[in-house]
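Examining the three-dimensional arrangement
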Amino acid sequence: MGQTKKRNYDRYTLAYKLQAVKLANHPDVRSKDVAESLGIHPVMLYRWQMEHRRGELKENKHMRPSKPSPKRRPDRADPVKEAEEKLAAAEKKIKKLERELANRNDEIDLLKKAERFFQRKK
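Throughout what follows, the structure given in this document is the object of discussion. Predicted model, so just to flag it, every value in this text is computed and none were measured. (Residues numbered from 1 in each chain as written. Predicted model: local features only at pLDDT ≥ 70, side-chain atom pairs only at ≥ 80, totals over all residues. Heavy atoms only, no water.)

1. Observations concerning the pattern of salt bridges
Counted under the stated rule, the structure contains 3 salt bridges. Across the pair Arg47 and Glu51 runs a salt bridge whose closest N-O atoms are separated by 3.6 Å. A residue pair is termed a helical-turn pair when its members lie 3 or 4 positions apart in one helix, as Arg47 and Glu51 do in helix H3 (residues 42-54) at 4 residues. For Arg47, a relative accessible area of 41% corresponds to the partly exposed category. (Salt bridge = Lys/Arg side-chain N within 4 Å of Asp/Glu carboxyl O. Helix = DSSP H or I, 4+ residues; strand = E, 2+ residues; numbered from the N terminus. Buried < 20%, exposed > 50% of the residue type's maximum accessible area, 1.4 Å probe, protein only.)

Structure below.
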């Protein structure tokens, strides 16, 4: 008898499922189009919607972000997460620039004091 091959199933995080359901529940968008754009089967999206309505859509221990299979389309970037990352990077840069400005102001104050000191000596 032949040996059965273990199947490798895609596992989706709860956040991914909720985002897909949110997109599919939009009144101007068809669920089938959302499923196609996400690279999942429409029946899977319908099941997620039904579980969400019942309050049964939960995350289990097997759900973890993993590399997508080569057959699936790559995930599109989450605009909210992308914006948060840009904001964090901008805040980090602002703090760095504020530190540099404070250092420059200290240097300028020191130079002014030195200038006054040397003017008195003459």
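Don't stop here, the text continues.
2. Considerations on the packing of helix H1 (residues 14-24) against helix H2 (residues 31-38)
Taken N-terminus to C-terminus, the directions of H1 and H2 make an angle of 140 degrees; their axes are 8 Å apart at the nearest point. One finds that H1 runs oblique with respect to H2. The two elements H1 and H2 meet at a crossing, and its hand is right-handed. Contacts from Tyr16, Ala20, Leu23 and Ala24 of H1 reach H2 at Ser31, Val34 and Leu38. Of the residues assigned to the contact of H1 with H2, the class counts are 6 nonpolar, 1 polar and no charged. (Axes fitted to C-alpha atoms, helices over the stretch in contact; angles between N-to-C directions. Parallel < 35°, antiparallel > 145°, perpendicular 65-115°, else oblique. Left-handed = near helix turned anticlockwise from the far one by under 90°. Contact = heavy atoms within 4.5 Å. Nonpolar A, V, L, I, M, F, W, Y, C, P; charged D, E, K, R; others polar.)

3. Observations concerning the nonpolar core
Counting residues in hydrophobic clusters, the biggest one holds 13 residues, and the most contacted among them are Tyr16, Leu38, Ile40, Leu45 and Trp48. Of all the secondary-structure elements, those providing two or more residues to this core are H1, H2 and H3. Considering every element that reaches this core, the biggest residue donor is H1, with 5 residues. (Core = buried A, V, L, I, M, F, W, Y, C linked by side-chain atoms within 4.5 Å.)

4. A short note on the packing of aromatic side chains
Summed over the entire model, instances satisfying the criterion amount to 4 aromatic pairs. With a centroid separation of 6.4 Å and an interplanar angle of 85 degrees, the aromatic rings of Tyr16 and Trp48 are classed as edge-to-face. Placement of Tyr16 in helix H1 and of Trp48 in helix H3 is noted, with a sequence separation of 32 residues between them. In this pair, the class of Tyr16 matches that of Trp48, namely buried. Their ring planes at 70 degrees and their centres at 5.4 Å tell us that Phe117 and Phe118 sit as a pair that is edge-to-face. Accessibility expressed as a relative area gives 42% for Phe117, which makes it partly exposed. (Phe/Tyr/Trp six-rings, centres within 6.5 Å; stacked < 30°, edge-to-face > 60°.)

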